[in-house]
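# Notes for the structure review
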Amino acid sequence: MSDSEPARPPYTALASAVRGGYYDIPRRMSTQDLADESGISDPAVTERFRRGIASLVAHTLLPADAADSASRSPD
């Protein structure tokens, strides 16, 4: 796995959440539903969410912010 590729368990948890409707409004499933489907605890699901979201932000949003900051001239 490369640095730009998300870690497997967080990626799987996030992908399942999106497919299952966790991020829909209103939600169509809970973290407990995801835990039951995955055979892990509810806290493990939320930990995977946190790690997965942090990885997505670090690999998608932060590089752009760093490039924007570098292109601005100092005052």
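Our structure is the block above this text.
To keep things clear, this report deals only with the structure shown in the data block. Keep in mind that what you see is a predicted model, and the values were worked out from it rather than measured. (Residues numbered from 1 in each chain as written. Predicted model: local features only at pLDDT ≥ 70, side-chain atom pairs only at ≥ 80, totals over all residues. Heavy atoms only, no water.)

## Brief notes about a nonpolar patch on the surface
- Together, Val18, Tyr23, Ile53, Val57, Leu61 and Leu62 line one region of the surface with nonpolar side chains, adding up to about 520 Å² of accessible area.
- Locating tyrosine 23 in the fold gives a position in the loop between α1 (8-20) and α2 (31-38). (Patch = residues over 30% accessible without salt bridge, like charges linked within 9 Å, V, L, I, M, F, W, Y side chains within 5 Å. Areas by Shrake-Rupley, 256 points an atom, 1.4 Å probe, with all protein chains shown as cover. Salt bridge = Lys/Arg side-chain N within 4 Å of Asp/Glu carboxyl O. Helix = DSSP H or I, 4+ residues; strand = E, 2+ residues; numbered from the N terminus.)

## Quick notes on the packing of α2 against helix α3 (residues 42-60)
- Following both chains from N to C, one finds α2 and α3 inclined at 100°, their axes separated by 8 Å at the closest point. Our classification of the angle between α2 and α3 gives roughly perpendicular. Facing α2, whose interface residues are Thr31, Gln32, Leu34 and Ala35, α3 presents Asp42, Val45, Thr46 and Phe49.
- Looking at the contact of α2 with α3, its residues break down into four nonpolar, three polar and one charged. (Axes fitted to C-alpha atoms, helices over the stretch in contact; angles between N-to-C directions. Parallel < 35°, antiparallel > 145°, perpendicular 65-115°, else oblique. Contact = heavy atoms within 4.5 Å. Nonpolar A, V, L, I, M, F, W, Y, C, P; charged D, E, K, R; others polar.)

## Quick look at the packing of α1 against α3
- One can describe the packing of α1 onto α3 by two numbers: an axis separation of 8 Å at closest approach and a directional angle of 100°. As the angle between them shows, α1 and α3 are arranged roughly perpendicular. In this structure, α1 uses Pro9, Pro10, Ala13, Leu14 and Ala17 to contact α3, whose residues at the interface are Arg48, Phe49, Arg51, Gly52, Ile53 and Leu56.
- Its residues assigned to classes, the contact of α1 with α3 shows eight nonpolar, one polar and two charged.

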